[in-house]
Amino acid sequence: MSEDKEMVFVNKTGRWFVWDPCGITCAVFTYGLLVYGVIVKFTVVIPAFPNYLTWINALVFMLLVFLAITSHVKAMITNPGIVARESATEEEIIERNQQGENLKYCKKCRSIKPERAHHCSTCEHCVRRMDHHCPWINNCVGEFNQKYFVLFTFYVMLVSFHGLATIVVFFFFCLSTEFNGCDAWLPGPLIFVLMILGVFEGFLFILFTCTMFWSQVYSICTDETGIESIKHEQRERISWKEALYEVFGSPCSFSWLNPFVPPPSLVMYLKHCTPMNV
Ligand SMILES: [Zn+2]
Ligand SMILES: [Zn+2]
C-alpha cells in the first residue's frame, strides 16, 4: 500500500497527479511542440507581414493554443474517476455473491469494482468508465476527465490545421514577393528549417489528433469504451444523445467546447465528495 501511494497524488477537490516519468516527459514534450508553433508565429510570420490580418491570425492561433493547453492541464490533473481502495475483502464478496449479488472484485485494490470500471496498472487504481491510459496527458481517460481529453484532441487538431495552413500561405506569399522581407527577423536558411519542422509537426499532430478525436467521439456515441470494445463486453447501451450528455452535459451548448466547465459527473462527485481512502 505504501509503495502504491507514491504513484499518485489525489485530494478531495478532485485534483490528481500521476508520478509517471514517461507520462510527465510526454506531457512536457506536448507543451514544447505547442510553444514551438507560437515561437514560429511570432519570429517568422508576424515580422514578415506585420499587418492587421496577420495579427488577427496570430490571435486566433494563440486562443486555440490556450484552449488546447488548458484542456490538457485539466485532463492531466483531474481525478479520472478512481475507486476507493480497500473497501472489501475477497471473502466478503464471495459471500455476497453466494447470496445472489453479482459483484466484481479487484484483488489489486482490494475493493469492489463498479460496473464499467477497470484497473489501470500505471495509476494503480480502478478507474470508473476507463477508456485507456494515455501517456500524452499522463493520466487515465475516465468518467471525470473524458470531456477534457476530447477537447484537448479537438483543439490540438484545430491548432495543427491552422499552423499548417499558415505555413502554406506564408510560403506562397513569400514566393510572390521573391522572398523579399520574409527573413525580417531570422536568416533565410533558419526560416526554411523552422518551416520544414513546422510542416512535419503539423502533419504528425493532425494524424494523431484526428484519429484520437474521432475514435473518442465514436466511442462516446456508441457508449462503449476502448477497453470494452477490446474485451467485447456485452451490456445494455444508452442512446448516442444520452451518452453525449453524460460526457459533456445537457443540453448541447457552447459549454461543450469550454474546458473551464466541468463535466456533470465531476460536478456530482465534487458535491458529494468525502475524504477518500486512496
Ligand atoms: Zn483495481
Ligand atoms: Zn491510468
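For the structure, check the block above.
An account of the accompanying structure is given in this report.

The rules behind the values
- Residues numbered from 1 in each chain as written.
- Chains lettered and ligands numbered in written order.
- Predicted model: local features only at pLDDT ≥ 70, side-chain atom pairs only at ≥ 80, totals over all residues.
- Heavy atoms only, no water.
- Donors = N, O, S within 2.8 Å, 3.2 Å for Na, K, Ca; no water.
- Tetrahedral: all angles 85-135°; square planar, octahedral: opposite > 155°, others 65-115°.
- Helix = DSSP H or I, 4+ residues; strand = E, 2+ residues; numbered from the N terminus.
- Disulfide = S-S within 2.5 Å.
- Buried < 20%, exposed > 50% of the residue type's maximum accessible area, 1.4 Å probe, protein only.
- Core = buried A, V, L, I, M, F, W, Y, C linked by side-chain atoms within 4.5 Å.
- Contact = heavy atoms within 4.5 Å.

### Description of the coordination of the zinc ion (ligand 1)
Only Cys 106 (SG), Cys 109 (SG), His 119 (ND1) and Cys 126 (SG) from the protein reach the zinc ion (ligand 1) as donors, at distances of 2.1 to 2.3 Å. Relative to the metal, the four donor atoms surrounding the zinc ion (ligand 1) lie at angles of 101 to 122 degrees, and the coordination shape comes out tetrahedral. Here the donor residues for the zinc ion (ligand 1) map to a single chain with the spacing C-x2-C-x9-H-x6-C. Remark: His 119 occurs in strand β5 (residues 118-120) and Cys 106 occurs in strand β3 (residues 104-106); sequence separation between them is 13 residues.

### Re the state of the cysteines
By the definition in use, this model includes one disulfide. For Cys 134, which is in no disulfide, the shortest distance to another cysteine sulfur is to Cys 26 and amounts to 8.1 Å. Since its relative accessible area comes to 4%, Cys 134 is described here as buried. With no disulfide of its own, Cys 252 lies 11 Å from the sulfur of Cys 221, the closest cysteine sulfur.

### Things to note about the nonpolar core
Residues Val 65, Ile 137, Phe 149, Tyr 155, Val 159, Ile 220 and Phe 248 are the most contacted members of the largest nonpolar core, which totals 33 residues. Mapped onto this core, the elements with two or more residues apiece are α2 (21-48), α3 (52-77), α5 (146-176), α6 (188-221), α8 (240-248) and α9 (264-271). Looking at this core, the element that brings in the most residues is α5, giving 10 residues. Contact partners of Val 65, with chain neighbours within four places excluded, come to Leu 34, Val 38 and Val 159.

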